[in-house]
Amino acid sequence: MQRAEGEGRIATKARAGLSVLDTLFQAGCSKIRVPKAYGSWLEAVLINTSGGLTGGDRMAWSARAAAQTHLSITTQACERIYRSTGGAARVSSRLSIEAGARLDWLPQETIMFNGSALDRSLEIDLAGNGVFLGLETIILGREAHGEDAVSAMISDRWHVRRDGDLIHAEAARLDADDYCARNNSALLGGARAYGTLCYVASDAGRHIDRLKAIVAEHETAGVSRIGDKIVLRATERSGYLLRKIIMPAIAALSGAGAVPKLWTL
């Protein structure tokens, strides 16, 4: 069967105090667009022209923020993972952040359909004085259509290395028809949307009180800080309610002071 395959790479360089494009590569169904920015950072928009992913599809993204640059990455829309006829859709992303650089990885939500399967990995290599802000979110079915994607399967992995040392690692798995994970109060607790936000920077202590104030208004969210790392996790009944937690947190941590514009269009 015909499968969607794509690969996209982007890298920045510093010029006259601005972050500008250095490398842009795209192949297959992966496309990258660089809209006009009104700040010192470079914004990149990732696009999957196949319209969604299913079993056997492959997507690979890589990005490098060169020394003293700021790269902000988002997606054109929510990624959709459709019913699989065999195997999982595989999405791998690799990010590199050099000395004094910053990279914001802020894709919009991934929507899982019934019978879908996703295998996703995110690898980050960060210089000691670099800054990383990363987000991954999942929505289990389309609420407006009465879907809950009970038969969806997800395998999700993160690794963040700072100067070569592993400082954050997690692996999450949700099996198809796993009602225990869906309904157990220690896991999803009946939520159909969940997300993880990770921030690594030397100024993490300056932001933690603001983030605690944001999550204090939501019973299904929590935030913690260990040294220069902040991790925020949230679950909600819908993607809309999850955004009410995630968007203020992004705005508080974002180098631009706001969510990417495509999040609000």
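All values derive from a computational prediction rather than experimental measurement.

Student: Just checking my understanding: could you explain a nonpolar patch on the surface for this structure?
Tutor: Among the surface-exposed residues, L21, L24 and V34 lie close enough to one another that they form a single nonpolar patch of about 200 Å² accessible area. In this fold, L21 is placed in strand β2 (residues 18–28). Residue L21 is classed as partly exposed on the basis of its relative accessible area, which comes to 35%.

Student: Would you mind showing me how to read helix α2 (residues 204–215) here?
Tutor: The periodicity of an α-helix, 3.6 residues per turn, causes residues three or four places apart in sequence to face the same way. Taking 1.5 Å per residue as the helical rise, α2 with its twelve residues ought to reach 16 Å, and the 16 Å between its terminal C-alpha atoms agrees with that figure. Of all the positions in α2, only A204, H207, I208, L211, I214 and V215 are classed as buried. The arc enclosing the buried residues of α2, seen along the axis, measures out at 125°, which places them on a common side. Exposed side of α2, more than 90 degrees from the buried face: R206 and D209 are the residues found there. Against the buried residues of α2 lie β15 (193–200), β16 (221–226), β17 (229–236) and α3 (239–253).

Student: Sorry, what's going on with the pairing of β15 here?
Tutor: Within a regular strand, side chains alternate between the sheet's two faces. Most of β15 is tucked away: eight of the eight residues are buried. Neither face of β15 is open: one carries A193, G195, L197 and Y199, the other Y194, T196, C198 and V200, and all of them are buried. Of the pairings in the sheet, the one linking strand β12 (residues 131–140) to β15 comprises eight bridges and is antiparallel in character. Bridge assignment links L133 to a residue of β15, and that residue is Y199. Two elements, β15 and β17, share eight bridges in a ladder whose sense is antiparallel. For Y194, the partnering residue across the bridge sits in β17 and is T235.

Student: Any chance you could explain the packing of aromatic side chains here in plain terms?
Tutor: Aromatic ring pairs: the centre-centre distance and the angle between the two ring planes describe each pair. Considering all chains together, one arrives at one aromatic pair under this definition. Each ring, one from Y82 and one from F113, has its centre 4.8 Å from the other, and the planes form 50°; the classification is tilted. With Y82 in the loop between β7 (79–81) and β8 (89–97) and F113 in the loop between β10 (110–112) and β11 (117–126), this pair connects stretches of sequence that are 31 residues apart. Assessed through its relative accessible area of 33%, Y82 is described here as partly exposed.

Student: Is there a simple way to think about the sheet that holds β2 in this case?
Tutor: For sheets, the rule is that strands pair by backbone hydrogen bonds, running either parallel or antiparallel. With respect to topology, seven strands assemble into an open sheet ordered β2-β1-β5-β8-β11-β13-β14, the strand pairing being mixed. Edge strands, defined here as strands with exactly one partner in the open sheet, are β2 and β14 (165–174). Each strand of the sheet is rotated relative to its neighbour by a mean of 5°, with strand direction disregarded. Relative to strand β13 (residues 153–162), β11 runs parallel, the two being bridged by ten bridges. Of the residues in β13, the one forming a bridge with L118 is I154.

Student: What is the right way to look at the layout of surface pockets in this model?
Tutor: Here the idea is plain: a probe the size of a water molecule rolls over the atoms and shows the empty space left. Taken as a whole, the largest pocket encloses approximately 720 Å³ of empty space. Along the wall of the largest pocket there are 32 residues; nearest its centre are L187, L188, Y194, A234 and T235. For the lining of the largest pocket, the element with the highest residue contribution is β14, accounting for five residues. Here the residues of the lining of the largest pocket are counted per class, giving 14 nonpolar, eight polar and ten charged.

Student: Where do I start with the pairing of β8 in this structure?
Tutor: Only one face of β8 is buried, namely the one carrying A89, V91, S93, L95 and I97, since none of R90, S92, R94 and S96 on the opposite face is buried. The sheet contact formed by β8 and β11 spans nine bridges and is parallel. Following the sheet pairing, I97 is matched in β11 by L126.

Student: Could you clarify how one ought to interpret the nonpolar core in this entry?
Tutor: Where a protein is soluble and globular, its nonpolar side chains tend to be buried together. Within the largest apolar cluster, 42 residues are counted, with the highest numbers of intra-cluster contacts made by L71, L103, W105, M112 and F132. Dropping the residues within four chain positions of it, L71 is found in contact with I10, T12, L42, A44, A63, R64, A65, R102, L103 and D104. Of all hydrophobic cores here, the second largest spans 29 residues; its members include F113, A234, L253 and W263.

So, how was this worked out
Residues numbered from 1 in each chain as written. Predicted model: local features only at pLDDT ≥ 70, side-chain atom pairs only at ≥ 80, totals over all residues. Heavy atoms only, no water. Patch = residues over 30% accessible without salt bridge, like charges linked within 9 Å, V, L, I, M, F, W, Y side chains within 5 Å. Areas by Shrake-Rupley, 256 points an atom, 1.4 Å probe, with all protein chains shown as cover. Salt bridge = Lys/Arg side-chain N within 4 Å of Asp/Glu carboxyl O. Helix = DSSP H or I, 4+ residues; strand = E, 2+ residues; numbered from the N terminus. Buried < 20%, exposed > 50% of the residue type's maximum accessible area, 1.4 Å probe, protein only. Expected span 1.5 Å × (residues − 1). Arc of directions from axis to C-beta. Contact = heavy atoms within 4.5 Å. Pairing = 2+ DSSP bridges. Phe/Tyr/Trp six-rings, centres within 6.5 Å; stacked < 30°, edge-to-face > 60°. Axes fitted to C-alpha atoms, helices over the stretch in contact; angles between N-to-C directions. 1 Å grid on protein atoms, 1.4 Å probe; cavity = no way out; pocket = protein on both sides within 12 Å on 5 of 7 lines; lining within 4 Å. Points joined across faces, edges and corners; volume = space filled by probe spheres on them. Nonpolar A, V, L, I, M, F, W, Y, C, P; charged D, E, K, R; others polar. Core = buried A, V, L, I, M, F, W, Y, C linked by side-chain atoms within 4.5 Å.

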